[in-house]
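If you want the building blocks of each chain, they are given just below.
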Amino acid sequence: HIAYNNMAYNGTIPTEFGRLTAVTILNLGQNSLTGTLPSEIGHMTSLLSGGDWGFVLSNSLDGSIPTELGNLVEMARNLEV
């Protein structure tokens with residue numbers, strides 16, 4: 001479980017997060033992150049949730065959503081629509 005929500009972080013999301021394949025919750029919401037969402041996040045196939053504050057909610061990310069995020073099957077099953 002990685003919860004970096006509401007920590008006033010800025011900059012880009014490190015591609016190294018993709019190496020954390022056993023992490024089940026990744027919460028980067030409520031920060032000042034910029035740039036694009038790295039495609040390497042798609043390697044985190046154990047992700048189940050973005051936590052209470054959302055995966056990347058309320059940041060300043062831009063660009064398109066990487067197709068590799070389609071690998072996050074378990075997380076997609078837990079999305080509230």
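What counts and what doesn't
Residues numbered from 1 in each chain as written. Predicted model: local features only at pLDDT ≥ 70, side-chain atom pairs only at ≥ 80, totals over all residues. Heavy atoms only, no water. Helix = DSSP H or I, 4+ residues; strand = E, 2+ residues; numbered from the N terminus. Pairing = 2+ DSSP bridges.

(A) Fine view of the environment of A3. Mapped onto the secondary structure, A3 falls in strand β1 (residues 2–3). Taking the C-alpha atoms as reference points, A3 and I25, separated by 22 residues in sequence, lie 7.6 Å from one another.

(B) Here's a closer look at the pairing of strand β4 (residues 32–35). Alignment of strand β2 (residues 10–11) against β4, held across two bridges, turns out to be parallel. In the sheet register, N10 faces β4, and the bridge partner there is S32. Direction of pairing for β4 relative to strand β5 (residues 60–61): parallel, over a ladder of two bridges. From the neighbouring strand, T34 faces β5, where its bridge partner is S60.

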